[in-house]
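So the chains spell out like this:
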Amino acid sequence: MLKNKKNIKVMKLVAITILFTIAQGCGENVDKSEKKDDSLAELSLGEKEESHIHDSSTHSHTSKRIVKPEDAQQLWIFPESKDKLGSGGLLQIYMDPESHPDASSGFSKYELGVGGALPEHKHNKTEEIAYFLSGTGIVISYKDDVRIETIVKEGYVWYTAPGEWHSFQNTGNEPLKLVFATVPNAKHGLLNFFKKVGVEPGQEPSNALSAEEFTKLASDNDLILKPAKID
């Protein structure tokens, strides 16, 4: 009888041990399953983040990294006629808000004809950086309201800060050529003004704007003309 009781106790102990082992195994499986699910979730999130980063670095920038000369928009600025540029300027726009909306600056090339000049003006928001390629001219600037003329030629760099009155003239016997950047690359900025007043080579220049309309168009595109002094 005593022997049977011992056997029953042993069997109960074995049963409890088996049940405990099974329960522990189930718990470990649940933990592993949860960890696996967490790992999959982290992997999925990582893939989404990586995909997002990849997307933002590729198809959000649709503008050209390399712009060829034939890709630039060409305009005649104040030409003598539809067939002759004369003392006007040839503008080639490589980067502007339309072609490169994500760029911080616009970039263009300008050739000012012999005897040509731009009216004195300033920009309230725009700074310009120009590099002269060839030709000879003078840059007009002001210091303490005193007009200063500086000779420029190939290799010279010209910086104009916002709010500074400035202009330049071609004093040589060949076109005065320069490339220049406009910062910021504003939708209503200097390049937009040139696009409004310029014409494609071979087209009849337009003189439809009155002096008041011309001044307003310039002002709307951050080009403020210097008032003429009346003696």
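The following paragraphs examine the structure supplied in this document. It should be emphasised that the depicted structure is a prediction, and the values quoted were computed from it without experimental measurement.

Secondary-structure assignment places His121 in strand β4 (residues 121-122). Engagement of the side chain of His121 in a polar contact is seen with the backbone oxygen of Pro119, the distance being 2.8 Å. Once you skip the residues sitting within four places of it in the chain, His121 turns out to touch Glu128, Glu164, Trp165, His166, Leu223, Ile224, Leu225 and Lys226.

Our focus in this paragraph is helix α2 (residues 190-197). Within α2, 6 of the 8 residues are buried, which leaves the element mostly enclosed by the surrounding structure. Within the sequence span of α2, burial applies to Leu190, Leu191, Asn192, Phe193, Phe194 and Val197. On its buried side, α2 packs onto β1 (73-77), β2 (89-95), β3 (106-112), β5 (127-134), β10 (176-183) and α3 (211-220).

Right, let's talk about the environment of Trp158 for a bit. Mapping Trp158 onto the fold places it in strand β8 (residues 157-160). Trp158 sits 29 residues away from Ile129 along the chain, and the two C-alpha atoms are 5.8 Å apart. A distance of 3.2 Å separates polar atoms of two side chains, one belonging to Trp158 and the other to Thr160.

In this section: the pairing of β3. Counting buried positions over the 7 residues of β3 gives 5, a clear majority of the element. Here β2 runs beside β3; their pairing, made up of 6 bridges, is antiparallel. Following the sheet pairing, Gly89 is matched in β3 by Leu112. Pairing analysis gives 7 bridges linking β3 to β10, with the strands arranged antiparallel. Across the sheet, Gly106 pairs through a bridge with Thr182, a residue of β10.

Of note, the bond from Val183 into Pro184 is cis; its omega dihedral lies within 30 degrees of zero at 5°. Examined against the element boundaries, Pro184 turns out to sit in the loop between β10 and α2. Notably, Phe78 is not glycine yet its phi reads approximately 55°, a positive angle. Along the chain, Phe78 turns up in the loop between β1 and β2. A relative accessible area of 35% places Phe78 in the partly exposed class. The phi dihedral of Asp144 falls on the positive side, at around 55°, and the residue is not glycine. Note that Asp144 resides in the loop between β6 (136-143) and β7 (146-153). Relative accessible area serves as the criterion here: at 68%, Asp144 is assigned to the exposed category.

Looking now at the nonpolar core. Ranked by size, the top nonpolar core spans 24 residues in total, and within it Leu91, Tyr110, Phe132, Phe168, Phe180, Phe193 and Phe194 carry the most contacts. Of all elements in the fold, only β1, β2, β3, β5, β10, α2 and α3 reach the threshold of two or more residues within this core. The element that contributes the greatest number of residues to this core is α2, accounting for 5 residues. Apart from residues no more than four positions distant in its own chain, Phe168 is found in contact with Tyr110, Leu112, Ala117, Leu118, Ile138, Val139, Trp158, Leu176 and Leu178.

Under the criterion given, the structure shown has 7 aromatic pairs. Plain terms: the ring middles of Trp158 and Phe168 are 5.7 Å apart, the flat faces sit at 70° to each other, and that makes the pair edge-to-face. Pair noted here: Trp158 is in strand β8 and Phe168 is in strand β9 (residues 166-170), with a separation of 10 residues, a long-range link. Each member of the pair Trp158 and Phe168 is classed as buried. Of the aromatic side chains, those joined through ring pairs into one cluster are Phe78, Tyr110, Phe132, Trp158, Phe168, Phe193, Phe194 and Phe214.

Conventions we followed
- Residues numbered from 1 in each chain as written.
- Predicted model: local features only at pLDDT ≥ 70, side-chain atom pairs only at ≥ 80, totals over all residues.
- Heavy atoms only, no water.
- Helix = DSSP H or I, 4+ residues; strand = E, 2+ residues; numbered from the N terminus.
- Polar contact = N/O pair within 3.5 Å; in protein donor to acceptor, adjacent residues only side chain to side chain.
- Contact = heavy atoms within 4.5 Å.
- Buried < 20%, exposed > 50% of the residue type's maximum accessible area, 1.4 Å probe, protein only.
- Pairing = 2+ DSSP bridges.
- Core = buried A, V, L, I, M, F, W, Y, C linked by side-chain atoms within 4.5 Å.
- Phe/Tyr/Trp six-rings, centres within 6.5 Å; stacked < 30°, edge-to-face > 60°.

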